[in-house]
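Structural overview for review
Below, each chain spelled out in residue letters.
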Amino acid sequence: MFEHKTEEEARKEILNMVEAYCDKYHGKKNAFAPGERIPYASRVYDHEEMCSLVDSALEFWLTSGRYTTQFEKEFAEYVGVKYCSLVNSGSSANLLAFMALTSPLLGERQIRPGDEIITVAAGFPTTVTPAIQYGAVPVFIDVTIPQYNMDVCMLEKALSDKTKAVMAAHTLGNPFDLSAVRDFCDRHELWLIEDNCDALGSTYYYKGKEQMTGTIGDIGTSSFYPPHHMTMGEGGAVYTNNPLLHRCVRSFRDWGRDCVCASGQDNLCGHRFDGQYGELPKGYDHKYVYSHFGYNLKATDMQAAIGCAQLHKMDGFTARRRHNFERLRAGLLDCQDRIILPEATEGADPSWFGFLITCREGVERTKVVPYIEEHGIQTRMLFAGNLTKHPCFDQMRAAKSGYRIVGELKTTDRIMRDTFWVGVYPGMTDEMIDYMAEIIAEAVRK
């Protein structure tokens, strides 16, 4: 088939065939019919992603390579930071962001076991898991409705002489009050990690200019799991403007090594065999010197190839999410006597991951949600609801140690009891949004 073709010609022919295949078998589906299943999220892609994936596969480099380098550069430019590290998941991104702050390279600001991290219980477990596994103490504060983010009035009450950081997510795309939280962290010399996994594309007006979420704190994280704002199938990113934190992130991601050479690269520094490290013999190969107890959390170049194509569509994805959110909200305005509709944080322009709904008194979520699901609309809870109520906390609850709760998590508990959400992902059409509004209105009126 390729007997008289150069490798470049053969590759081009293959990719042309892939494009035709994708357009024919992965193209637009039939128009929506009421009652058909509407997922809360789904991949949105075309032949560009598939061709990029195959192009990477044909090189068969497999591990991080040229597409990884391209993605890290373009993603950093997109969000507006200096440094980006691609990883294999959003959970790994949160792990690396936290572990970077445990590095001895940070001196007195290093997080050590027993230090405290302020966060919320109304969220996803992997925002909190790295701190618990390391031996740090999460300090949980309540959240607000209808923003569903941390109650910043509780920050000073949560502060102790052991507090080292604030680590929290922007809930379903809605930024938390970054001005208040950043100011709190600056006044008390605390680190701020923005879990941006549900909010890529969201912006916040900070100190006179609009900035992407994930860039106002010391470190930001993103997830590229299929339901999220863009996808690689699996994947995530850690990003920062701080060169020392970037060095720590890269080291922890790449086995904990001291060397900064990329895969397949040797002796970038020119001193591979003449250094002195720890108690190793002088001249020990720098590629095998470890400054941290790290991991291997790199993504493959095939994931990065998909991400490069997805990243170019982010502006369109974000615009559609905002459109879908506003259309659904308009369709439910007449139901505000029965449900609480979500609101953006002041100064924020969210790239909404989902549409949160809290049932008012007299409306039972346990009856509303099944009705909506029976009519083909997928729903989700706000993740853990109250994470401290889950079985993973059983032993810590019994021991009465390992975490702190400041005040009462009354609103968190209400969210656990009364709140659910539906999707607004960019693959949804106006017909789907209008049908969702109709069914949700029926459910809460019944």
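Keep in mind it's a predicted model, so treat the numbers as computed, not measured.

What follows deals with the overall build of the protein chain. In terms of regular secondary structure, the protein chain is built from 14 helices and 14 strands. By principal-axis analysis of the C-alpha atoms, the protein chain measures approximately 75 × 70 × 45 Å. Looking at the protein chain as a whole, 54% of its 446 residues are labelled buried. Expressed as a percentage of contacts within the protein chain between residues at least 6 apart in sequence, the contacts between residues at least 24 apart total 74%. Surface accessibility of the protein chain: about 20,300 Å² in total, with carbon and sulfur atoms responsible for 52%. Between the centroid of the 48 positive side chains of the protein chain and the centroid of its 60 negative side chains there is a distance of 3 Å.

Here the residue pair Ile 145 and Pro 146 is connected by a cis peptide bond, since its omega of 20° sits within 30 degrees of zero. Tracing the backbone shows Pro 146 in the loop between strand 3 (137-141) and helix 6 (155-158). For Leu 172, which is not glycine, the phi dihedral falls at a positive 50°. Using a relative accessible area of 0% as the deciding quantity, one classes Leu 172 as buried. At Glu 189, a residue that is not glycine, the phi angle is positive and equals roughly 55°. Tracing the backbone shows Glu 189 in the loop between helix 7 (178-187) and strand 5 (191-195). Given the relative accessible area of 62%, Glu 189 is considered exposed.

Within the open sheet, the 3 strands sit side by side as 7-6-11. Their pairing is antiparallel. With one partner strand each, in any of the chains shown, strand 7 (209-212) and strand 11 (348-349) form the two edges of the open sheet. Of the pairings in the sheet, the one linking strand 6 (residues 203-206) to strand 7 comprises 4 bridges and is antiparallel in character. Each bridged residue has a counterpart across the sheet, and for Tyr 205 the counterpart in strand 7 is Glu 210.

On to the packing of helix 2 (residues 47-59) against helix 9 (residues 301-311). Between helix 2 and helix 9, whose axes approach to 8 Å, the crossing angle comes to 150°. On the basis of their axis angle, the class for helix 2 and helix 9 is roughly antiparallel. In this structure, the crossing between helix 2 and helix 9 has a hand that is right-handed. Contacts between helix 2 and helix 9 pair Glu 48, Glu 49, Ser 52, Leu 53, Ser 56 and Ala 57 from the former with Asp 301, Met 302, Ala 305, Ile 306, Ala 309 and Gln 310 from the latter. Counted by class, the contact of helix 2 with helix 9 contains 6 nonpolar, 3 polar and 3 charged residues.

This paragraph deals with the pairing of strand 2 (residues 116-120). Among the 5 residues of strand 2, 5 are classified as buried, and the element is accordingly described as predominantly covered. Note that strand 2 and strand 3 share 5 bridges and pair parallel. Counted as the bridge partner of Glu 116 is Val 137 from strand 3. Taken together, strand 2, helix 5 (residues 129-134) and strand 3 form a β-α-β motif whose crossover is right-handed. In this structure, strand 2 lies alongside strand 4 (residues 163-169), joined through 3 bridges in parallel fashion.

Pairing within the open sheet is antiparallel, and its 3 strands lie in the order 10-12-14. With partners counted over all chains shown, the strands left at the sheet margins are strand 10 (339-340) and strand 14 (419-423), one partner each. Summarising the sheet, strand 10 and strand 12 (residues 354-359) pair through 2 bridges and their orientation is antiparallel. Across the sheet, Ile 340 pairs through a bridge with Thr 358, a residue of strand 12. Contacts between helix 11 (residues 365-374) and the sheet are confined to strand 12 and strand 14, with strand 14 contributing the most and set at about 15° to the helix.

In terms of residue burial, strand 9 (residues 236-240) counts as a mostly covered element, since 5 of its 5 residues are buried. Covered by surrounding structure in strand 9 are Gly 236, Val 238 and Thr 240 together with Ala 237 and Tyr 239, the residues of both alternating faces. Relative to strand 9, strand 1 (residues 83-87) runs antiparallel, the two being bridged by 5 bridges. Across the sheet, residue Ser 85 finds its bridge partner in strand 9, namely Val 238. In terms of strand pairing, strand 8 (residues 219-223) meets strand 9 through 4 bridges, oriented antiparallel. Paired with Thr 221 across the strands is Val 238, a residue of strand 9.

How two helices pack is summed up by the angle between their axes together with the distance between the axes. Where helix 4 (residues 90-100) contacts helix 8 (residues 243-253), the two axes come as close as 9 Å, and the packing angle between them is 125°. When the axis of helix 4 is compared with that of helix 8, the two are oblique. For the element pair helix 4 and helix 8, the recorded crossing hand is right-handed. The segment helix 4 lies against helix 8, with Leu 96, Met 99 and Ala 100 engaging Leu 245, Cys 248, Val 249, Phe 252 and Arg 253. For the contact of helix 4 with helix 8, the residue count by class is 7 nonpolar, no polar and 1 charged.

How each quantity is defined
Residues numbered from 1 in each chain as written. Predicted model: local features only at pLDDT ≥ 70, side-chain atom pairs only at ≥ 80, totals over all residues. Heavy atoms only, no water. Helix = DSSP H or I, 4+ residues; strand = E, 2+ residues; numbered from the N terminus. Buried < 20%, exposed > 50% of the residue type's maximum accessible area, 1.4 Å probe, protein only. Contact = heavy atoms within 4.5 Å. Areas by Shrake-Rupley, 256 points an atom, 1.4 Å probe, with all protein chains shown as cover. Lys, Arg positive; Asp, Glu negative; His and termini not counted. Charge placed at Lys NZ, Arg CZ, Asp CG, Glu CD. Pairing = 2+ DSSP bridges. Axes fitted to C-alpha atoms, helices over the stretch in contact; angles between N-to-C directions. Parallel < 35°, antiparallel > 145°, perpendicular 65-115°, else oblique. Left-handed = near helix turned anticlockwise from the far one by under 90°. Nonpolar A, V, L, I, M, F, W, Y, C, P; charged D, E, K, R; others polar. Right-handed = clockwise from strand over helix to strand, strands pointing away.

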